[in-house]
Amino acid sequence: MEEQILIFRTSVKNVRDIKHIAALFTLCPQIYKWNVDMEDWEKVLRIECQGITPTEILKALRAINIYAQELEWKQRESHKLIAR
């Protein structure tokens, strides 16, 4: 399986929400690195993972009352983000 980087706009509001995400992602060995940009107005969640789909992540986030929408982006070989 190929490594992927998934990007989501989220409804994260505070540190409590981030702690809930951390607890959730601890249970998902397919997710090995993630962060939320709290300075961005969209509270962007970036996930480095393997073997998990965006739909599975969205469902898991919804279960902890975090709403998200996948953002489109183009991944180059160097893994740099290119905004569309």
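Before reading on, note that the structure itself is shown above.
Caption draft 1: Representation of the overall build of the protein. Check the secondary structure of the protein and you find two helices and six strands. Of the regular secondary structure in the protein, the N- to C-terminal order runs β-α-β-β-α-β-β-β. When each of the 84 residues of the protein is scored for burial, the buried share is 33%. Sequence-distant contacts in the protein: of pairs separated by 6 or more residues, those separated by 24 or more amount to 60%. Entry remark: accessible area of the protein is about 5,900 Å², with carbon and sulfur atoms responsible for 51%.

Caption draft 2: Focus on the pattern of salt bridges. For the structure shown, the criterion picks out two salt bridges. Between R9 and E42 there is a salt bridge, with its nearest N and O atoms 2.5 Å apart. Taken together, the positions of R9 in strand β1 (residues 4–10) and E42 in the loop between β2 (31–37) and β3 (44–49) put the pair 33 residues apart, joining distant regions of the chain. Among the salt bridges present, the one from R46 reaches E48, with a minimum N-O distance of 2.7 Å.

Caption draft 3: View of the sheet that holds β1. What the four strands build is an open sheet, ordered β2-β3-β1-β4; its pairing is antiparallel. Each having just a single partner strand, β2 and β4 (68–70) make up the two edges of the open sheet. Direction aside, the axes of adjacent strands within the sheet are offset by 25 degrees on average. As paired strands, β2 and β3 are joined by six bridges and run antiparallel to one another. Opposite W34, over in β3, you have I47 as the bridge partner. Strand contacts of helix α1 (residues 15–26): β2 and β3, with the helix running at about 170 degrees to β2, the strand carrying the most contacts. On top of the sheet, helix α2 (residues 54–63) reaches β1, β2, β3 and β4; it is set at about 40 degrees to β1, its chief contact.

Cut-offs applied
- The residue numbering used here restarts from 1 in each chain and proceeds along that chain's sequence as written.
- Totals for whole chains, interfaces and linings use all residues, but because this is a predicted model, local features are given only for residues with pLDDT of at least 70 and pairs of side-chain atoms are given and counted only at 80 or more.
- Excluding hydrogens and water, the side-chain values take into account all heavy atoms of the structure.
- Think of it this way: any DSSP run of H or I at least four residues long counts as a helix, any run of E at least two long counts as a strand, and we number them from the N terminus.
- Residue exposure (1.4 Å probe, protein chains only): buried if accessible area is under 20% of the type maximum, exposed if over 50%, otherwise partly exposed.
- By definition, residues are in contact when any of their heavy atoms lie within 4.5 Å.
- All accessible-area figures derive from a Shrake-Rupley calculation using a 1.4 Å probe, and residue coverage is judged against the displayed protein chains alone.
- Any carboxyl oxygen of Asp or Glu that lies within 4 Å of a side-chain nitrogen of Lys or Arg is treated as forming a salt bridge with it.
- Note: two strands are recorded as paired if DSSP finds a minimum of 2 bridges between them.
- Structural elements are reduced to axes, namely lines fitted to C-alpha atoms, with helices fitted over the stretch in contact, and the angle between N-to-C directions of any two is expressed from 0 to 180 degrees.

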